[in-house]
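The chain contents come next:
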2 protein chains.
Amino acid sequence: MRMPQVVRQPGLPQRVTIYEVGPRDGLQNESTILPVGVKAEFVSRLVDAGLQAIEVTSFVRPSWVPQLADAEELIKAVDLGAVPRMPVLVPNRRGLERALEAGVREIAIFGSATETFAKRNLNSSLDDQFDMFEPVVAEALGAGLRVRAYLSMSFGDPWEGDVPVEQVVSVGRRLLRLGCSELSLGDTIGVGTPGQVAAVIGGFLGSGVDVGELAVHFHDTFGQALSNALTALRLGVTTFDASAGGLGGCPYAESATGNLATEDLVWQLSGLGIETGVDLESLVATTIWMSDKLGKRPESRVATVLS
Amino acid sequence: MRMPQVVRQPGLPQRVTIYEVGPRDGLQNESTILPVGVKAEFVSRLVDAGLQAIEVTSFVRPSWVPQLADAEELIKAVDLGAVPRMPVLVPNRRGLERALEAGVREIAIFGSATETFAKRNLNSSLDDQFDMFEPVVAEALGAGLRVRAYLSMSFGDPWEGDVPVEQVVSVGRRLLRLGCSELSLGDTIGVGTPGQVAAVIGGFLGSGVDVGELAVHFHDTFGQALSNALTALRLGVTTFDASAGGLGGCPYAESATGNLATEDLVWQLSGLGIETGVDLESLVATTIWMSDKLGKRPESRVATVLS
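Note that the coordinates shown come from a computational prediction; the quantities given were computed from them, not determined experimentally. (Residues numbered from 1 in each chain as written. Chains lettered and ligands numbered in written order. Predicted model: local features only at pLDDT ≥ 70, side-chain atom pairs only at ≥ 80, totals over all residues.)

Draft legend 1. Spatial organisation of the overall build of chain A. Along its length, chain A carries twelve helices and eight strands. The globule rule puts the C-alpha radius of gyration for 307 residues at 19 Å, and the 18 Å found for chain A is close to it. Each principal axis of the C-alpha distribution contributes one length, and for chain A these read about 50 × 45 × 35 Å. Counting the 307 residues in chain A, one finds 56% classified as buried. (Helix = DSSP H or I, 4+ residues; strand = E, 2+ residues; numbered from the N terminus. Rg over C-alpha atoms; globule rule 2.2 N^0.38 Å. Buried ≥ 20, exposed ≤ 12 C-beta atoms within 10 Å, placed from the backbone.)

Draft legend 2. Spatial organisation of the interface of chain B and chain A. Tallying the contact residues gives 37 residues for chain B and 37 residues for chain A. By residue number, the principal contributor to the side of chain B that touches chain A is helix α8 (residues 194-206) of chain B, which donates five residues. Partitioned by chemical class, the residues of the side of chain B that touches chain A number 15 nonpolar, 16 polar and six charged. (Contact = placed C-beta atoms within 7 Å. Nonpolar A, V, L, I, M, F, W, Y, C, P; charged D, E, K, R; others polar.)

Draft legend 3. Up close: the pairing of strand β6 (residues 182-187) of chain A. All names here are of chain A. The element β6 is largely enclosed, with a buried count of six among its six residues. Sheet analysis places strand β5 (residues 146-152) next to β6, joined by four bridges and oriented parallel. Opposite Arg148, over in β6, you have Glu182 as the bridge partner. Assessed by its sense of winding, the connection that carries the chain from β5 through helix α7 (residues 165-177) to β6 is right-handed. Bridge count for β6 against strand β7 (residues 214-218) is five bridges, and the pairing is parallel. Paired with Gly186 across the strands is His217, a residue of β7. Regarding the hand of the β-α-β motif, the stretch spanning β6, helix α8 (residues 194-206) and β7 is right-handed. (Pairing = 2+ DSSP bridges. Right-handed = clockwise from strand over helix to strand, strands pointing away.)

Draft legend 4. Fine view of the environment of B:Gly206. Residues and elements named next belong to chain B. Relative to the helices and strands, Gly206 resides in helix α8. Judged by the 10 C-beta atoms lying within 10 Å of it, Gly206 falls in the exposed class. Taking the C-alpha atoms as reference points, Gly206 and Val169, separated by 37 residues in sequence, lie 9.8 Å from one another.

Draft legend 5. Focus on the confidence of the model for chain A. Put simply, chain A has an average pLDDT of 95, and 97% of its residues get 70 or more. Across the assembled chains, the prediction reports ipTM 0.96 with pTM 0.97. (pLDDT = per-residue confidence, 0-100.)

Draft legend 6. Broad picture of the relation of the copies chain B and chain A. If you rotate chain B by 180° and push it 0.0 Å along the axis, it lands on chain A with an RMSD of 0.0 Å. The relationship between the two copies is best expressed as a two-fold rotation axis. Of the C-alpha atoms belonging to chain B, the one lying closest to the rotation axis is found on B:Ser227, 2.2 Å away. Same-surface contact between copies: 100% of interface residues of chain B are shared with the interface of chain A. (Least-squares fit on C-alpha atoms with pLDDT ≥ 70 in both.)

Draft legend 7. Structural view of helix α2 (residues 36-48) of chain A. All names here are of chain A. Between the first and last C-alpha of α2 there are 18 Å, a value that for 13 residues agrees with the 18 Å anticipated at 1.5 Å per step. For α2, every residue scored as buried is listed here: Lys39, Ala40, Phe42, Val43 and Leu46. The buried residues of α2 all sit within an arc of 155° when viewed along its axis, so they share a single face. Looking one or two residues past α2, Gly50 carries a phi angle of roughly 105°, positive in sign. (Expected span 1.5 Å × (residues − 1). Arc of directions from axis to C-beta.)

Draft legend 8. Examining the nonpolar core more closely. If you look at the biggest cluster of nonpolar residues, it comprises 192 residues, and the most contacted ones within it are A:Ala229, B:Ile109 and B:Ala229. Each residue touching A:Ala229, except ones within four places of it in the same chain, is listed here: A:Val216, A:Phe218, A:Phe240, A:Leu260 and A:Leu265. (Core = buried A, V, L, I, M, F, W, Y, C linked by C-beta atoms within 7 Å.)

Draft legend 9. Inspection of the packing of helix α9 (residues 225-234) of chain A against helix α10 (residues 262-271) of chain A at higher detail. Residue and element names in this part refer to chain A. Running from N to C, α9 and α10 point in directions that differ by 45°, and their axes come no closer than 11 Å. Considering the angle they form, α9 stands oblique to α10. Relative to α10, α9 is oriented so that their crossing is right-handed. Along its contact with α9, which presents Leu226, Ala229 and Leu230, the element α10 presents Asp264, Leu265 and Gln268. (Axes fitted to C-alpha atoms, helices over the stretch in contact; angles between N-to-C directions. Parallel < 35°, antiparallel > 145°, perpendicular 65-115°, else oblique. Left-handed = near helix turned anticlockwise from the far one by under 90°.)

Draft legend 10. Geometry of unusual backbone geometry. Residues and elements named next belong to chain A. With a phi angle near 50°, Asn123 is a residue other than glycine that sits in the positive phi range. Mapped onto the fold, Asn123 is located in the loop between α5 (115-122) and α6 (129-142). Unlike most non-glycine residues, Met153 shows phi in positive territory, near 60°. For Met153, a count of 29 C-beta atoms within 10 Å gives the class buried.

Draft legend 11. Spatial organisation of the pairing of strand β5 (residues 146-152) of chain B. Residue and element names in this part refer to chain B. Most of β5 sits out of view: six of its seven residues are buried. As defined by bridge partners, strand β4 (residues 106-112) adjoins β5 across seven bridges and the pair is classed as parallel. Its bridge partner being in β5, Ser112 is matched across the sheet by Ser152.

Draft legend 12. Just the sheet that holds strand β4 (residues 106-112) of chain A, in detail. Residues and elements named next belong to chain A. Taken in spatial order, the eight strands of this open sheet run β2-β1-β8-β7-β6-β5-β4-β3, and their pairing is parallel. Unpaired on one side and paired on the other, β2 (53-54) and β3 (88-89) mark the two borders of the sheet. In this structure, strand β1 (residues 17-20) lies alongside β2, joined through two bridges in parallel fashion. Looking at β2, one finds that Glu20 is bridged to Ile54.

Draft legend 13. Structural context of the sheet that holds strand β2 (residues 53-54) of chain B. Strands sit in the order β2-β1-β8-β7-β6-β5-β4-β3 (chain B) across an open sheet of eight strands; the sheet is parallel. Each edge of the sheet is formed by a strand with only one pairing partner; in this case those strands are β2 and β3 (88-89) of chain B.

Draft legend 14. Spotlight on helix α11 (residues 280-294) of chain B. Residue and element names in this part refer to chain B. Counted at 1.5 Å a residue, the expected span for α11 with its 15 residues is 21 Å, and the 21 Å between its end C-alpha atoms agrees. In this structure, the buried residues of α11 make contact with α2 (36-48), α10 (262-271) and α12 (301-306). One or two residues past the end of α11 sits Gly295, with phi positive at roughly 65°.

Draft legend 15. Just the environment of A:Leu260, in detail. Residue and element names in this part refer to chain A. Position of Leu260 among the secondary structure elements: in the loop between β8 (239-242) and α10. A count of 28 C-beta atoms within 10 Å places Leu260 in the buried class. Distance from Leu260 to Thr221, taken between C-alpha atoms, is 9.0 Å for residues 39 residues apart in sequence.

Okay, structure coming up:
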């Protein structure tokens, strides 16, 4: 299979972690509900493709996200120790209990950078979301789990429009202070551009946050995801959320396209000589296999051209 | 219509030129052959959307590219003085004669950076292509025309694989020395990544070429076009080829996707506060209108989400 020519650039990280969100953020936003066996095979194929961090599912209330209603069953069917990180999303205390029972070793919580999204997604205020997160994070840490925090709407909100950088930094730092070891800055509706990415990341670094605590989560709604990832890479970010085949739309916007596609990101990183551990051919085969299961064409450019 | 938040970055150009290739490079690679009136309206809509440089058609032999067989008729139907630049592609002396008769004020010639593509596309060798270009450029300049040169396969060749930077720079400089005022570096098969873009542009700048003489022409085959454009922008490039709706595939590769979509580029540049003169809403309306004429969905993310 064709691979990009490797031409390195000075000042970039030698190695980055791709945090694969296809099984959770991807499938959660697809209309097709897949059998648990297909999901387990998806995770297993992603492991075989070399992904080092894979978010497997969500312990959300099954009636809210029927696509992921089989979380317990799926966790039993996958090897949680196959790769260094295999977290699950946990929306609340009940979700954490289920996660602990299932034996997961890392959870992710899902915060909001804006009042409107906190209200709509969490039925909370921007401030009150912390009352919900605090006991969950404390208990998870007490049980020896690692905790990642998402900060959605970090680059724009569908109802509020622009989101002040100071607000994003303030809410994000509060999540880190709870004890989260990683903060994933989400452009949930995909509107951000490189200057904004630099401003938000710069805001965190300027307030004393270490770049190793930050991850970026870009959606390709307006075609900007890979450009924004490149901008974050130049600023030293080493954790990039992506979804095989660009799976998943954004349920909160008029979007037709989903997450940054893992294989398009891998093409760029491979061309820059940056290690990810991912085998592109195996990943593309996985994307094509999954697209077939969902009865749709892959969104990613790389899988489209190589399929 | 939603517009990106403006966050500038230091060191970027204040204003750039988008060189719209939809009517030529786009339509040439679409299977549908449109009536001349639709093409004229396409150009007129692009003018109204604020594009400052529009490549209208090609004076290639009609039997080679039936999509553009109506070049003379189209030129008569458009206002060549409506925007600062309205060039046509000219493959050879016969093409130049037709262009001069038609009254165009700028032509573009189409060179190859590799032996194999020179042989396949021009039936020439890498060296001998200059025998063909030299009299065309000399005569065009003598008639007061401006001449742009494309350099295709500057970032990879479907048959040869990697293309040495020195070879790209050497062939490109020969084109400039003929008297061409602009050299458009083409990633014809869309395989390039940011390190390579920096290396190729750096090669030209290091050999004394002024950055104002360079344009970049990226295809989105592997999803890298906008990232590569951002990389060129950071190096000071101020002319970007793009195609409304991402029209056009690559006839020389297994590609399913086309040029960098003008509206995805405009979104990024607008977010960076860089002027283009383009009205995004009007451009998106044009893309949707044209997609309808071609009976297909737009390739661009921006037009997809806003349509």
